[in-house]
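# Residue-level structural notes
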Amino acid sequence: MDIEQIKSGLTSLYDKGQRIVFWHDPDGEFAEMVPELDLGDVSVLRLNEIPKLKAKVTIELEQPNSQFLIYETD
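Residues numbered from 1 in each chain as written. Predicted model: local features only at pLDDT ≥ 70, side-chain atom pairs only at ≥ 80, totals over all residues. Heavy atoms only, no water.

### Some thoughts on the environment of V21
Basically, it comes down to this: Each helix is a run of H or I in the DSSP string that is no shorter than four residues. Each strand is a run of E no shorter than two, and both are numbered from the N terminus. Every residue pair with non-hydrogen atoms within 4.5 Å of one another is taken to be in contact.
When you line up the elements, V21 lands in strand 1 (residues 20-24). For V21 and K52, which are 31 residues apart along the polypeptide, the C-alpha to C-alpha distance reads 15 Å. Ignoring sequence-local partners within four residues, the contact set of V21 consists of L10, L13, Y14, F68, L69 and I70.

Shown next, in the form of structure tokens:
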């Protein structure tokens, strides 16, 4: 799967009204692609880089009307 396919799939979800998309990538095989994704106004939160409580505060209190991609590896 290439970055354009991933971007297209994610964009489709946001266009359908999804505010938050969770992407669990247990082996981290797409970790290097994530920074290259250009999803417009969608904010990417990498749960292995920020505390989960910070992510929750950002999503619910600081930016309650924004769209997010929540990316996590094991």
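### Notes on the environment of G28
Worth spelling out the cut-off: Summary of the burial criterion: residues with accessible area below 20% of their type's maximum are buried, those above 50% are exposed, and those between are partly exposed, where the area comes from a 1.4 Å probe applied to protein chains only.
Summarising the element assignment, G28 is placed in the loop between strand 1 and strand 2 (43-46). Given the relative accessible area of 23%, G28 is considered partly exposed. Residues G28 and D74, 46 residues apart in the sequence, show an inter-C-alpha distance of 7.4 Å.

### A look at helix 1 (residues 3-15)
An α-helical turn contains 3.6 residues, so any two residues separated by three or four positions project in the same direction. Heads up, the rule is: In this analysis, the expected span of each helix is defined as 1.5 Å times one less than the number of residues it contains. What the arc covers is the set of directions going from the helix axis to the C-beta atoms.
For helix 1, with 13 residues, the first-to-last C-alpha span of 18 Å sits near the 18 Å given by 1.5 Å per residue. Within helix 1, burial applies to I6, L10 and Y14. Angular distribution of buried residues about the axis of helix 1 spans 70°; they occupy a single face of the element. Of the exposed residues in helix 1, the ones pointing more than 90 degrees away from its buried face are E4 and D15. Tucked inside the fold, the buried residues of helix 1 contact strand 1 and strand 3 (68-72). Looking at the residues trailing helix 1, positive phi occurs at G17, about 105°.

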